[in-house]
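# Report on the structure
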Amino acid sequence: MQYVSTRGSAPALDFEGVTLAGLAKDGGLYLPTEWPRFSKAEIAAMAGLSYPELATRVMMPFVGDSLTEEELRGLCEQAYGRFAHDAVTPLVQLDQQQWLLELFHGPTLAFKDVALQLLGLLFETFLGRSGKRLTIVGATSGDTGSAAIDAVAGREGVEIFMLHPKGRVSEVQRRQMTTVRAPNVHNIAIEGSFDDAQAMVKRMFVDEALTSRMQIGAVNSINWARLMAQVVYYFAAGLQLGAPQRAAAYSVPTGNFGDVFAGYVAHKMGLPIKQLIVATNVNDILHRALTRGDYSAGTVTPTATPSMDIQVSSNFERLLFDCGGRDGAALAEQMRGFESARAMQLTNAQQEGASGLFVSARTDGDEMAQALRWAHERAGQVLDPHTAIGLHAARISDLDPSVPIVTLATAHPAKFSDAVERATGMRPALPARVGDLFAREEHYTELPGNYEAVRDFVSETAATD
Ligand SMILES: *Cc1c(COP(=O)(O)O)cnc(C)c1O
């Protein structure tokens, strides 16, 4: 399996290459040259498999020659063995139509563990073979950082620099990052928003001063391997709800468009999906893009759902490429226009290509709190605010009541206990597996929101040999 960049001018790479590269050299994102497709019979044969076995089946076509099936199975067993639920991603029914797919049973309580636990092992495997080192730089609005740090802390050959916007992540999120003591982990709090941090990270990937000295890798969802690992749970839920005979819809609390893009990939691979509902908070660039073709970035409004407080959604570029005819040169031009004007109009092909499968909904803070209360009163379920945004979007959908709608429960409610308490009066407790988070000492470096300062810190601190 070969991978090409959405901007058309970076070299094609194999799976090992894209896993270690992250962002493509031309500033684009990697996608497989073609979508592998399962037959109905192959999908039917997946029913009842354990999660690691299902993951092996679904991901193997993407891995190509980079791992044997045995190696991939071993990594999946190790990664998913760390989850606190036997089903890894259990499905819970709320009412006749509404379901929750609980993705937060990993070590840091958010869905990002599902992909990052595997990615940490992939890094170690590939680096161990070549004897190379990898310096990860990442930006986080909260959950990526803790999940990535947990996944790579203490692993051989890899070092991580994680930027978070100072004061804009929850205390639990910050402590999950800053209390990890491992010599290969560096936390940086920068002045500014998540988008500022993400823009700096993107710039480091194409900065010769850094890339000539060290190989830079990504753990954000620009890394293809992350999206690939997320495809698996769409299959897991779909199979339980009757795939390949019956199609479900999925409502996905969305920020960087990674999680919902994995649903698009599952659909391309043959999983029947009625609809993908892109659920945004008031930072609604994706809602505007999908309803009107207007992809224009405003300023970020901080909300109770910080992992969705985003104006620029990196992975949307993958959809625009795939729906818009896979023309890298044209997309590179379009994205350059967006980067200078912070606004662009989708082409007709892009709009039409997306509209068959995707719908979107924007949910404000009051509606989010209502959905939280509804789940609690109706089904005794305490949700996190991100999940509640997804559930609200699912509940206002006009899909036929016979279509099951699966809301992706992207975080454990205890990660956002203040917002949950405000809406329901209940304060969810942290599960025992996170340990004495509030007693441990924090370590991080504060830097101004200035690219050179951050780059120089990375350059001077990273171990090179
Ligand atoms: C990261 C995150 C999201 C957004 O996911 P994307 O893949 O960036 O769209 C939503 N909810 C939670 C809790 C998250 O951590």
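All right, on to the environment of Val-172 then. Mapped onto the elements of the fold, Val-172 is located in helix α7 (residues 171-178). Residues Val-172 and Ser-146, spaced 26 residues apart in sequence, show a C-alpha to C-alpha distance of 9.6 Å. Apart from the residues within four sequence positions on either side, Val-172 is in contact with Ala-414, Lys-415, Leu-430, Leu-437 and Phe-438.

Not every one of the 15 residues close to the ligand is listed here, only the nearest: Lys-112, Asp-143, Gly-255, Asn-256 and Asp-259. One of the backbone N or O atoms of Asp-259 is found 2.9 Å from an oxygen atom in the ligand. If the ligand stood free it would expose 390 Å²; the protein chains cover 97% of that surface. More than half of the atoms of the ligand fall within 2 Å of the grid points belonging to the largest cavity. Residue composition of the shell around the ligand, grouped by class: 5 nonpolar, 7 polar and 3 charged.

Let us look at the packing of helix α5 (residues 112-130) against helix α10 (residues 224-240). Relative orientation of the contacting elements α5 and α10 amounts to 130°, with a least axis distance of 8 Å. Comparing their axes, α10 and α5 come out oblique. Here the hand of the crossing between α5 and α10 comes out right-handed. Touching Lys-112, Val-114, Ala-115, Leu-116, Leu-118, Leu-119 and Leu-122 of α5 are Ala-225, Arg-226, Ala-229, Gln-230 and Tyr-233, all from α10. Here the contact of α5 with α10 is built from residues that sort into 9 nonpolar, 1 polar and 2 charged.

Moving on, we get to the sheet that holds strand β3 (residues 91-93). With mixed pairing, 6 strands are arranged side by side in an open sheet as β3-β4-β14-β9-β10-β13. Taken across any chain shown, the strands that pair with only one partner, and hence form the sheet edges, are β3 and β13 (358-362). When the angles between neighbouring strand axes are averaged without regard to direction, this sheet yields 25°. Here 3 bridges tie strand β9 (residues 248-253) to strand β14 (residues 405-409), and the two strands are oriented parallel to one another. Bridging across to β14, Tyr-250 finds its partner in Val-406. Here helix α11 (residues 258-268) sits on the sheet in contact with β9, β10 (273-280), β13 and β14, set at roughly 170° to β10. Packing of helix α12 (residues 285-292) onto the sheet brings it into contact with β10 and β13, and relative to β13 it is tilted by some 135°.

This part covers the pairing of strand β5 (residues 134-139). With respect to burial, β5 is a largely interior element, 6 of its 6 residues being buried. What you see with β5 is no split at all: Leu-134, Ile-136 and Gly-138 on one side and Thr-135, Val-137 and Ala-139 on the other are buried throughout. Pairing analysis gives 6 bridges linking β5 to strand β6 (residues 158-165), with the strands arranged parallel. For Gly-138, the partnering residue across the bridge sits in β6 and is Met-162. Here β5 runs beside strand β8 (residues 216-217); their pairing, made up of 2 bridges, is parallel. In the sheet register, Thr-135 faces β8, and the bridge partner there is Ile-216.

Glancing now at the packing of aromatic side chains. All told, the structure shown has 17 aromatic pairs when counted by the stated rule. When the ring of Tyr-51 is compared with that of Tyr-80, the centres are 5.0 Å apart and the planes differ by 75°; the resulting orientation is edge-to-face. Residue Tyr-51 is located in helix α3 (residues 51-63), and its partner Tyr-80 is located in helix α4 (residues 69-80); the two are separated by 29 residues in the primary sequence. We classify Tyr-51 as buried; its relative accessible area is 6%. Positioned over the ring face of Tyr-451 is Arg-203, at 4.0 Å from the centre of the ring.

Let us look at the packing of α11 against helix α13 (residues 316-323). When two helices pack together, their arrangement is given by the angle between the helix axes and by the axis-to-axis distance. Put simply, α11 and α13 touch, their axes get as near as 10 Å, and they point 30° apart. Judged by the inter-axis angle, α11 sits roughly parallel to α13. Facing Phe-261, Tyr-264 and Lys-268 of α11, the residues of α13 in contact are Arg-318, Leu-319, Asp-322 and Cys-323. Of the residues assigned to the contact of α11 with α13, the class counts are 4 nonpolar, no polar and 3 charged.

Right, let's talk about the side chain of Thr-387 for a bit. Positionally, Thr-387 belongs in helix α17 (residues 385-395). A residue is classified by how much of its surface remains accessible, and Thr-387, at 1% relative accessible area, is buried. Those residues in contact with Thr-387, other than ones at most four positions away along the chain, are Leu-100, Pro-253, Thr-407, Leu-408, Ala-409, Thr-410 and Ala-411.

Taken as a whole and judged by the stated rule, the model has 3 cavities of 30 Å³ or more. Empty space within the largest cavity amounts to approximately 280 Å³. As for the largest cavity, its lining consists of 24 residues, and the residues nearest its centre are Phe-111, Lys-112, Gly-255, Asn-256 and Ser-307. At the level of secondary structure, the elements contributing two or more residues to the lining of the largest cavity comprise α6 (143-152), α10 and α11. Of the residues assigned to the lining of the largest cavity, the class counts are 8 nonpolar, 12 polar and 4 charged. Estimates place the volume of the second largest cavity at around 50 Å³. Taken together, Gly-138, Ala-139, Gln-198, Val-201, Lys-202, Asn-220, Ile-222 and Ser-314 make up the full set of residues lining the second largest cavity. Secondary-structure elements contributing two or more residues to the lining of the second largest cavity are β5 and α8 (194-205). Examining the composition of the lining of the second largest cavity, we find that 3 residues originate from one element, α8, more than from any other. A class-by-class count of the residues in the lining of the second largest cavity yields 3 nonpolar, 4 polar and 1 charged.

Calculation notes
Residues numbered from 1 in each chain as written. Predicted model: local features only at pLDDT ≥ 70, side-chain atom pairs only at ≥ 80, totals over all residues. Heavy atoms only, no water. Helix = DSSP H or I, 4+ residues; strand = E, 2+ residues; numbered from the N terminus. Contact = heavy atoms within 4.5 Å. Near = heavy atom within 4 Å. Polar contact = N/O pair within 3.5 Å; in protein donor to acceptor, adjacent residues only side chain to side chain. Areas by Shrake-Rupley, 256 points an atom, 1.4 Å probe, with all protein chains shown as cover. 1 Å grid on protein atoms, 1.4 Å probe; cavity = no way out; pocket = protein on both sides within 12 Å on 5 of 7 lines; lining within 4 Å. Sits in = over half its atoms within 2 Å of the grid points. Nonpolar A, V, L, I, M, F, W, Y, C, P; charged D, E, K, R; others polar. Axes fitted to C-alpha atoms, helices over the stretch in contact; angles between N-to-C directions. Parallel < 35°, antiparallel > 145°, perpendicular 65-115°, else oblique. Left-handed = near helix turned anticlockwise from the far one by under 90°. Pairing = 2+ DSSP bridges. Buried < 20%, exposed > 50% of the residue type's maximum accessible area, 1.4 Å probe, protein only. Phe/Tyr/Trp six-rings, centres within 6.5 Å; stacked < 30°, edge-to-face > 60°. Lys NZ or Arg CZ within 6 Å of the ring centre and 35° of its normal. Points joined across faces, edges and corners; volume = space filled by probe spheres on them.

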